[in-house]
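Structural overview
Each chain, written out:
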Amino acid sequence: SPTNRVGTTHRLEAKEKFERAHEEVKKRREEAKERVKTSREEFKDKLETLKDERKKQTTQNIDEKLSLMNEKWVNHFNNVLSRLSQILAKVKDKALEASGEGVDVSNVNAQVQEAEAAITAAGDAVNAQAGKTYVIEITDEENLGENVSEAVHNLRDDLKAVREKVRLAREATHAAVKSLKEVLKPNEESEEES
């Protein structure tokens with residue numbers, strides 16, 4: 001049926017959109033790696049100037065963990081946004097189907113547009129986050145703790161901002177699903193009566 005073809009199209013669009021976003025994240029990571037190469041070399045040189053071996057090893061471990069943590073969260077956020085896009089595609093399919101049966105889905109369509117905008121904004125934030133790097137600035141051994149703490153706080157603050165955008169996208173998607181359920185409920189009840 002034509003609605004099935006359209007439904008498949010919505011889901012394919014969502015999948016393609018996620019794949020494009022995933023490629024964009026990979027590209028941003030590679031650009032960030034190139035951009036930060038000199039900072040990394042400076043970091044390693046300054047790390048060698050530290051006399052305390054324990055501080056040197058701890059600082060290097062934290063530096064590596066910052067990169068891994070950023071990558072892990074970027075991947076997580078991308079997976080969440082992909083799932084939200086898939087859910088929205090299904091909502092669009094059901095709304096189209098209901099519209100074909102004469103149901104007013106204008107509120108659902110408005111909610112879907114808001115959710116799509118929120119997902120796009122969150123996706124942009126995730127892509128920007130993928131391009132960020134967190135290299136610990138080593139000035140001297142006395143200020144090392146402050147330098148490490150600053151890098152950790154920067155990452156934490158940036159992730160918190162991205163997490164908020166993803167939360168807004170999740171809420172907007174939930175609102176679209178809820179709106180669809182409200183529109184479909186009266187139809188289900190009238191079908192049961194007949």
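Everything numeric in this text was worked out from a predicted model, so none of it was measured.

Overview of the overall build of the protein
- Within the protein one finds four helices and zero strands.
- Ordered by position from N to C terminus, the α and β elements of the protein give α-α-α-α.
- Expressed as a percentage of the 194 residues in the protein, the buried residues total 34%.
- Expressed as a percentage of contacts within the protein between residues at least 6 apart in sequence, the contacts between residues at least 24 apart total 84%.
- Within the structure as shown, the protein displays about 12200 Å² of accessible surface, and the carbon and sulfur contribution to it stands at 49%.

Here we look at the pattern of salt bridges
- Evaluated as defined, the whole model comprises four salt bridges.
- A salt bridge links lysine 132 to aspartate 158, with the nearest nitrogen and oxygen atoms 3.5 Å apart. In this pair, lysine 132 sits in the loop between helix H3 (106-130) and helix H4 (144-193) while aspartate 158 sits in helix H4, placing the two residues 26 residues apart along the sequence.
- With relative accessibility at 35%, the residue lysine 132 sits in the partly exposed group.
- Overall, aspartate 158 belongs to the partly exposed group, its relative accessible area being 22%.
- Look at the salt bridges and you will find they share partners, linking Glu164, Arg167 and Glu171 into a network.

Side note on the packing of aromatic side chains
- Taken as a whole, this structure holds one aromatic pair when the rule is applied.
- Taking 5.4 Å as the distance between ring centres and 40° as the angle between the ring planes, the aromatic pair formed by tryptophan 73 and phenylalanine 77 counts as tilted. Of this pair, tryptophan 73 and phenylalanine 77 both sit in helix H2 (residues 53-100), separated by four residues, roughly a single helical turn.

Remarks on the nonpolar core
- Residues Leu81, Val105, Val108, Val126, Ile136, Val166 and Ala169 are the most contacted members of the largest nonpolar core, which totals 40 residues.
- When residues of this core are traced back to their parent elements, those giving at least two are H2, H3 and H4.
- At 13 residues, H4 tops the list of elements feeding residues into this core.
- Filtering out sequence-adjacent residues up to four positions away, alanine 169 remains in contact with Leu81, Leu84, Ala118, Ile119 and Ala122.

Things to note about H2
- With 48 residues, H2 extends 71 Å from end C-alpha to end C-alpha; this agrees with the ideal 70 Å at 1.5 Å per step.
- Just past H2, the residue glycine 102 takes up positive phi, approximately 90°.

Here we look at the packing of H2 against H3
- In the contact formed by H2 and H3, the axes pass within 10 Å of each other and the chain directions differ by 165°. Classified by the interaxial angle, the pair formed by H2 and H3 is roughly antiparallel. Crossing geometry of H2 relative to H3 is assigned as left-handed. Packed against H2, whose contacting residues are Asn70, Val74, Phe77, Asn78, Leu81, Leu84, Ser85, Leu88, Val91, Lys92 and Ala95, the element H3 presents Val108, Asn109, Val112, Ala115, Glu116, Ile119, Ala122, Gly123, Val126, Gln129 and Ala130 at the interface.
- A breakdown of the residues in the contact of H2 with H3 according to their chemical character gives 14 nonpolar, six polar and two charged.

Some words on the environment of lysine 55
- Note on placement: lysine 55 falls in helix H2.
- A relative accessible area of 31% places lysine 55 in the partly exposed class.
- Not counting residues up to four positions away in its chain, the partners in contact with lysine 55 are Glu141 and Leu144.

So, the environment of arginine 83
- Residue position: arginine 83 is located in helix H2.
- We classify arginine 83 as partly exposed; its relative accessible area is 42%.
- Note: C-alpha distance between arginine 83 and arginine 170 (87 residues apart in sequence) is 9.7 Å.

Overview of the confidence of the model for the protein
- Looking at the protein as a whole, its pLDDT mean stands at 83, while 79% of the residues score no less than 70.
- The lowest-confidence element of the protein is helix H1 (residues 2-49), averaging 66 in pLDDT; the highest-confidence one is H3, averaging 93.

Rules and cut-offs
- Residues numbered from 1 in each chain as written.
- Predicted model: local features only at pLDDT ≥ 70, side-chain atom pairs only at ≥ 80, totals over all residues.
- Heavy atoms only, no water.
- Helix = DSSP H or I, 4+ residues; strand = E, 2+ residues; numbered from the N terminus.
- Buried < 20%, exposed > 50% of the residue type's maximum accessible area, 1.4 Å probe, protein only.
- Contact = heavy atoms within 4.5 Å.
- Areas by Shrake-Rupley, 256 points an atom, 1.4 Å probe, with all protein chains shown as cover.
- Salt bridge = Lys/Arg side-chain N within 4 Å of Asp/Glu carboxyl O.
- Phe/Tyr/Trp six-rings, centres within 6.5 Å; stacked < 30°, edge-to-face > 60°.
- Core = buried A, V, L, I, M, F, W, Y, C linked by side-chain atoms within 4.5 Å.
- Expected span 1.5 Å × (residues − 1).
- Axes fitted to C-alpha atoms, helices over the stretch in contact; angles between N-to-C directions.
- Parallel < 35°, antiparallel > 145°, perpendicular 65-115°, else oblique.
- Left-handed = near helix turned anticlockwise from the far one by under 90°.
- Nonpolar A, V, L, I, M, F, W, Y, C, P; charged D, E, K, R; others polar.
- pLDDT = per-residue confidence, 0-100.

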